[in-house]
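Now for the letters of each chain:
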Amino acid sequence: PEDDINLYNYILRSAMFCDFDYTKVGLPDGTTLKDKAAENDEIYRNKLASVMLNGRQYPVFHEYNDSGWDGIGFYDSLNKKGSVFVFRNNPESDSERNIILQELDPSLEYKIISSNDGVLIDRISGEALLKDGLRVSMKDGAMSDIIFIDVAEVDLADVKILLFGN
């Protein structure tokens, strides 16, 4: 069921902060839990490990409160990549919150991608993200998300207009 997948993601994303190797804990093959563990392990190895190891860590909420939300951000200023782990600890809490981002270059534009649905949330300037933060939504009972922050590619159509006019 969807509720189990949300819970599995919550647990497995939390486990990324410790030395968790899903292949050694005896999860039965072909189960949803093992599939979600493999999926989250791949996300960690391919998208998160270098940012978490090389980036600066910071809180994404001003202070801990009883809102039911918690989170932590990482930003690797050398490679201009970041990630934010957001957890909604109480399913009765608001489904949207504003998170604080740090370390971004205000002169760059960033693409923001949610791991929950794998789609581009937005392209936003570093200046706006630093000033206003980022609105995060957890729909359909989601309890956690990993937000990926990366420098947006230059749109070649915009370059052509700048160089050659309309």
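The present account deals with the structure reproduced in this document. Predicted, not measured: the structure shown is a model, and the values here were computed from it. (Residues numbered from 1 in each chain as written. Predicted model: local features only at pLDDT ≥ 70, side-chain atom pairs only at ≥ 80, totals over all residues. Heavy atoms only, no water.)

1. Observations concerning the overall build of the chain
Turning to step 1, where the next piece is worked out: In terms of helices and strands, the chain carries 4 helices and 8 strands.
Turning to step 2, where the next piece is worked out: Listing each helix as α and each strand as β along the chain from the N terminus yields α-α-β-β-β-β-β-β-α-β-β-α.
Turning to step 3, where the next piece is worked out: In the chain, which comprises 166 residues, the share counted as buried stands at 38%.
Turning to step 4, where the next piece is worked out: Looking at the chain alone, contacts between residues at least 24 apart form 64% of all its contacts between residues at least 6 apart.
Turning to step 5, where the next piece is worked out: By element, 50% of the accessible surface of the chain is carried by carbon and sulfur atoms, the whole surface being about 9,900 Å². (Helix = DSSP H or I, 4+ residues; strand = E, 2+ residues; numbered from the N terminus. Buried < 20%, exposed > 50% of the residue type's maximum accessible area, 1.4 Å probe, protein only. Contact = heavy atoms within 4.5 Å. Areas by Shrake-Rupley, 256 points an atom, 1.4 Å probe, with all protein chains shown as cover.)

2. A closer look at the nonpolar core
Turning to step 1, where the next piece is worked out: Counting 20 residues, the largest nonpolar core has Val-84, Ile-99, Leu-101, Ile-112, Leu-129, Leu-134 and Ile-149 as its most contacted members.
Turning to step 2, where the next piece is worked out: At the level of elements, strand 2 (69–76), strand 3 (81–88), strand 5 (109–114), strand 7 (134–137) and strand 8 (144–151) are the ones that each hand at least two residues to this core.
Turning to step 3, where the next piece is worked out: When sequence neighbours within four positions are dropped, the list of residues in contact with Leu-129 reads Leu-101, Leu-104, Tyr-110, Ile-112, Ile-124 and Leu-134. (Core = buried A, V, L, I, M, F, W, Y, C linked by side-chain atoms within 4.5 Å.)

3. Structural notes on unusual backbone geometry
Turning to step 1, where the next piece is worked out: One non-glycine residue, Lys-80, adopts positive backbone phi at about 55 degrees.
Turning to step 2, where the next piece is worked out: Its place among the elements puts Lys-80 in the loop between strand 2 and strand 3.
Turning to step 3, where the next piece is worked out: Within the chain, Glu-103 stands out as a residue other than glycine whose phi angle is a positive 75 degrees.
Turning to step 4, where the next piece is worked out: Its location among the elements puts Glu-103 in the loop between strand 4 (96–99) and strand 5.
Turning to step 5, where the next piece is worked out: Owing to a relative accessible area of 36%, Glu-103 belongs among the partly exposed residues under this scheme.

4. Let's talk about the environment of Val-84
Turning to step 1, where the next piece is worked out: Here Val-84 lies in strand 3.
Turning to step 2, where the next piece is worked out: Residue class for Val-84 comes out buried when judged on its relative accessible area of 0%.
Turning to step 3, where the next piece is worked out: Sequence separation of Val-84 and Leu-48 is 36 residues, and the distance between their C-alpha atoms is 9.7 Å.
Turning to step 4, where the next piece is worked out: What Val-84 contacts, discounting residues up to four positions off in sequence, is Tyr-58, Val-60, Ile-72, Gly-73, Ile-99, Leu-101, Asp-145, Ile-146, Ile-147 and Ile-149.

5. Some thoughts on the environment of Arg-45
Turning to step 1, where the next piece is worked out: Structurally, the position occupied by Arg-45 is in helix 2 (residues 32–54).
Turning to step 2, where the next piece is worked out: Separated by 29 residues in the primary sequence, Arg-45 and Met-16 place their C-alpha atoms 9.9 Å from one another.
Turning to step 3, where the next piece is worked out: A polar contact of 2.9 Å, which involves the side chain of Arg-45, links it to the side chain of Asp-41. (Polar contact = N/O pair within 3.5 Å; in protein donor to acceptor, adjacent residues only side chain to side chain.)

6. Here's the deal with the pairing of strand 3
Turning to step 1, where the next piece is worked out: For strand 3, the tally of buried residues reaches 7 of 8 residues, placing the bulk of the element in the interior.
Turning to step 2, where the next piece is worked out: Relative to strand 3, strand 2 is paired through 8 bridges, and the arrangement is antiparallel. Paired with Trp-69 across the strands is Arg-88, a residue of strand 3.
Turning to step 3, where the next piece is worked out: The antiparallel pairing of strand 2 with strand 3 creates a hairpin that spans 4 residues between the two strands, and Lys-80 there sits at a positive phi of about 55 degrees. (Pairing = 2+ DSSP bridges.)

7. Topic: the layout of surface pockets
Turning to step 1, where the next piece is worked out: Its volume calculated, the largest pocket comes out at about 450 Å³.
Turning to step 2, where the next piece is worked out: Around the largest pocket sit 25 residues that line it, and Ser-114, Asn-116, Asp-117, Ser-137 and Asp-145 are the ones nearest its centre.
Turning to step 3, where the next piece is worked out: Looking at the lining of the largest pocket, the element that brings in the most residues is helix 1 (residues 2–15), giving 5 residues.
Turning to step 4, where the next piece is worked out: Taken together, 13 residues make up the lining of the second largest pocket; nearest its centre are Lys-47, Lys-81, Phe-148, Ile-149 and Asp-150.
Turning to step 5, where the next piece is worked out: Mapped onto the lining of the second largest pocket, the elements with two or more residues apiece are helix 2, strand 3, strand 5 and strand 8.
Turning to step 6, where the next piece is worked out: Ranked by residues supplied to the lining of the second largest pocket, first place goes to helix 2 with 5 residues.
Turning to step 7, where the next piece is worked out: Residues belonging to the lining of the second largest pocket are distributed by class as follows: 5 nonpolar, 4 polar and 4 charged. (1 Å grid on protein atoms, 1.4 Å probe; cavity = no way out; pocket = protein on both sides within 12 Å on 5 of 7 lines; lining within 4 Å. Points joined across faces, edges and corners; volume = space filled by probe spheres on them. Nonpolar A, V, L, I, M, F, W, Y, C, P; charged D, E, K, R; others polar.)

Keep in mind these values describe shape, not function.
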